[in-house]
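# Fold and contact review
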Amino acid sequence: MNALNIDLPKLEVRRYSQLVDGKSGEAMSGERFERRSPAHGVVVGNYPLADVADAHAAVAAARNAFDTGPWPRMSARERSEILLVISERIAGNAEELAMMDVLESGKPISQARGEMAGAVDLWRYAAGQARSLHGSVPAGLGQHMLGLIEREPVGVVAMITPWNFPFVILSQKLPFALAAGCTVALKPSELTPGSSLRLGEMLKDAGLPDGVVNIVVGYGNTVGQTFAEHDDVDMISFTGSTQVGKSVVRAAAGNLKKVALELGGKNPQIVCADADLDAAADAAVFGVFFNVGQCCNSSSRLIVERSVAKRFEEKLAELTARVPVGDPLDPETRVGAIINDAQMEKIEGYLKGAIEAGANPLCGAERIKANAGLYYAPTLMSGVTRDMKIAREEVFGPVLSILTFETLDEAIGIANDTHYGLSAGIWTSDHDRALIAARDLRAGTVWVNCWMDGFSEMPFGGVRQSGLGREQGAQAIEEFTEQKSVLFHRGPRAGRWVPGV
Ligand code: NDP
């Protein structure tokens, strides 16, 4: 038993259905697969295994719903009302959804609850955006011309989502696409499909017309690739690794579909000697160990002013020793399990390489045995230099690389020495330094004296190889629209192109 009194060995394994054209059911092949909790080693879900044929059926249903169905044609008020009903269903079932994410991903229950609250806010915000989407009318076209710049839904959107924040990442995309009037074919990661499939049931109950959202769970190289290549898909919205993001771009070139990408990061936090070092240390520990570091926003590089580096490392080690690691079902736990063996081996490979290259583990750097699950100790790596692999590549684990600097220019140089550009941060009490860093750090988000605070109102996304486009914020809905220019002539049309007529 655990703190929530869930008897895992006796847990009833939930059987899920896929959703295509409003019908819940099996994959065409009839095949199913299971998922084991990475934190406990027991089976927690059973799902239909979709293949290429199911992907085609999902796209065909979304295409038909877009071309002939009511969703893109109804008023924004009607769409908004349905989105609000969905947000209430999510809020009413938040604990169940959170538990699905916990059991499939190994993330702590307290964190999963927070993610559901964030997801509800995104759905509500998107419902509001449905009604505030506007085109425009340029004022200066002359008295005979009326130009309308209309906003139209982009069409059928394929969405591919990863396993690290299954429900939140879905909620950063789906309600905004629906608000715009698009229809959707969705492939969640086969490691964490439960909450997405459960949402499918809620969408139906909330009155979403058949075919508007279709959810099939299969592998990236079958279902994902089919979505990315499909000629009937008008846009693909992908969150995952930069490597797969690039292959999605190549596959999307076939019909030049619109592409939105939310990819990886190697996000730096700069800590200046004049900062509130206690607050910065807490944020550094939170920034890298949140979601066991399996986070695109993980602040996996810490760049500390040399004069305080030693003292700061001691603070970090002290805090790290107090981070509760273990059973995600314990509400006190802050760090849960690693998603799977492949990810665990990847983390171990990076640490081995870093130690061989001369970096020094201050703590961690080993597996933890608990609950028959996959746990890795929060790890601080001192003496990391910018050329080391661990300082350049996305580890996607609870591993902090600590580097040092003398001048702000040097710190910003180290921070920008990456092909990623998702987020960055600076801790300082000097406003001028903060403003300079905010200007010069090459990232989609810069946090000053805070880390990973996020709001539905704030756009999120990366520059360079961290992505294309923005989710959330006032423009989120516009990502799922195209502009159409419509020109009307008023009054008699003077002048002819053909001379002398
Ligand atoms: P991937 O980028 O491989 O997978 C993300 C999603 O894309 C999954 O649903 C996956 O399906 C799908 N996919 C895989 N191949 C294709 C393809 N050819 N065409 C279309 N879709 C595809 O991430 P992983 O889950 O394998 O994690 C590997 C690494 O990616 C991590 O270590 C981390 O560095 C990074 N990552 C970054 C994330 C972020 O938030 N930026 C999120 C997750 C991972 P399937 O699961 O079947 O492969």
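Procedures and definitions
Residues numbered from 1 in each chain as written. Predicted model: local features only at pLDDT ≥ 70, side-chain atom pairs only at ≥ 80, totals over all residues. Heavy atoms only, no water. Near = heavy atom within 4 Å. Polar contact = N/O pair within 3.5 Å; in protein donor to acceptor, adjacent residues only side chain to side chain. Areas by Shrake-Rupley, 256 points an atom, 1.4 Å probe, with all protein chains shown as cover. Helix = DSSP H or I, 4+ residues; strand = E, 2+ residues; numbered from the N terminus. Domains from an automatic or database assignment. Pairing = 2+ DSSP bridges. Axes fitted to C-alpha atoms, helices over the stretch in contact; angles between N-to-C directions. Contact = heavy atoms within 4.5 Å. Buried < 20%, exposed > 50% of the residue type's maximum accessible area, 1.4 Å probe, protein only. Lys, Arg positive; Asp, Glu negative; His and termini not counted. Salt bridge = Lys/Arg side-chain N within 4 Å of Asp/Glu carboxyl O. Expected span 1.5 Å × (residues − 1). Bend = angle between axes of the 7 residues up to and from the residue. Buried area = accessible area lost by both parts, 1.4 Å probe. Parallel < 35°, antiparallel > 145°, perpendicular 65-115°, else oblique. Nonpolar A, V, L, I, M, F, W, Y, C, P; charged D, E, K, R; others polar.

### A look at the site of the ligand
Looking at the ligand, there are 27 residues lining it, with Trp163, Glu190, Gly220, Ser241 and Lys346 nearest. A distance of 2.6 Å separates an oxygen atom of the ligand from a polar side-chain atom of Glu190. The backbone of Gly240 places a nitrogen or oxygen atom 3.2 Å from a nitrogen atom of the ligand. For the ligand, the protein covers 85% of the area, taking 840 Å² as the surface of the free molecule. Of all the secondary-structure elements, those providing two or more residues to the shell around the ligand are α7 (220-229), β10 (235-239), α8 (242-252) and α11 (341-356). Mapped onto the domain boundaries, the shell around the ligand takes at least three residues apiece from domain 1 (14-263 + 462-485) and domain 2 (268-448).

### Here's the deal with the sheet that holds strand β13 (residues 301-305)
Taking strand neighbours across the sheet as the criterion, the seven strands line up as β14-β17-β18-β13-β12-β19-β20 in an open arrangement whose pairing is mixed. Strands with a single pairing partner mark the edges of an open sheet, and in this sheet they are β14 (360-363) and β20 (445-448). The average angle at which neighbouring strand axes cross in this sheet is 25°, direction not considered. Where strand β12 (residues 268-271) lies against β13, four bridges are found, and the strand directions are parallel. Looking at β13, one finds that Pro268 is bridged to Arg301. Strand contacts of helix α9 (residues 277-289): β12, β13, β17 (379-382), β18 (399-405) and β19 (423-427), with the helix running at about 165° to β12, the strand carrying the most contacts. α11 contacts β14, β17 and β18 of the sheet and is inclined by roughly 25° relative to β17.

### So, the side chain of Arg79
With respect to the helices and strands, Arg79 occurs in helix α2 (residues 76-92). Of the side chains with opposite charge, Glu78 lies nearest to the buried Arg79, which makes no salt bridge, at 7.5 Å. Of the polar contacts made by the side chain of Arg79, one reaches the backbone oxygen of Ala179; its length is 3.2 Å.

### Thoughts on the sheet that holds strand β4 (residues 32-36)
An order of β1-β5-β4 is seen for the three strands of this open sheet, with the pairing classed as mixed. Two strands close off the open sheet at either side, each with one partner strand: β1 (14-15) and β4. Relative to strand β5 (residues 43-48), β4 runs antiparallel, the two sharing five bridges. Opposite Glu34, over in β5, you have Asn46 as the bridge partner. Each of β1, β4 and β5 touches helix α3 (residues 94-105); the most contacted strand, β5, lies at about 100° to it.

### Observations regarding α7
Taken together, the buried positions of α7 are Val223, Gly224, Thr226, Phe227 and Ala228. If you follow the buried residues of α7, they end up packed against α1 (52-68), β7 (156-160), β8 (183-187), β10 and α8.

### Concerning helix α5 (residues 166-180)
Its 15 residues give α5 an end-to-end C-alpha distance of 22 Å, which sits within 8% of 21 Å, the value for a rise of 1.5 Å per residue. The largest bend in α5 comes to about 25°, at Gln172, with the proline Pro175 one to four residues further on. Where burial is concerned, most of α5 is hidden: 15 out of the 15 residues are buried. A positive phi of about 100° marks Gly181, the residue just after α5.

### Quick notes on the side chain of Gln269
By secondary structure assignment, the location of Gln269 is in strand β12. Judged by relative accessible area, which is 0%, Gln269 ranks as buried. A polar contact of 3.0 Å, which involves the side chain of Gln269, links it to the side chain of Ser299. Among the polar contacts made by the side chain of Gln269, one reaches the side chain of Trp427 at a distance of 2.6 Å. In this structure Gln269 touches Ala283, Ala284, Gly287, Ser299, Arg301, Leu302, Ile303, Gly425, Trp427 and Trp451, once residues within four positions along its chain are discounted.

### Some thoughts on the domain arrangement of the protein chain
Accessible area lost during the coming together of the parts is what is often quoted as the interface size. Splitting the protein chain by domain gives domain 1 (14-263 + 462-485) and domain 2 (268-448). Here domain 1 and domain 2 have C-alpha centroids that lie 31 Å from each other. Opposite the 31 residues of domain 1 that make contact, domain 2 presents 35 residues. Contact between domain 1 and domain 2 buries roughly 2500 Å² in total, counting both sides, with carbon and sulfur atoms accounting for 56%.

### Describing the packing of α2 against helix α4 (residues 109-132)
It is the contact of α2 with α4, at a shortest axis distance of 8 Å, that shows an interaxial angle of 175°. In this view, α2 runs roughly antiparallel relative to α4, as classed from their interaxial angle. For the pair formed by α2 and α4, the contact residues are Ala76, Arg77, Ser80, Leu83, Leu84, Ile86, Ser87, Glu88, Ile90 and Ala91 on the first element and Val120, Trp123, Arg124, Ala126, Ala127, Ala130 and Arg131 on the second. Here the residues of the contact of α2 with α4 are counted per class, giving eleven nonpolar, two polar and four charged.

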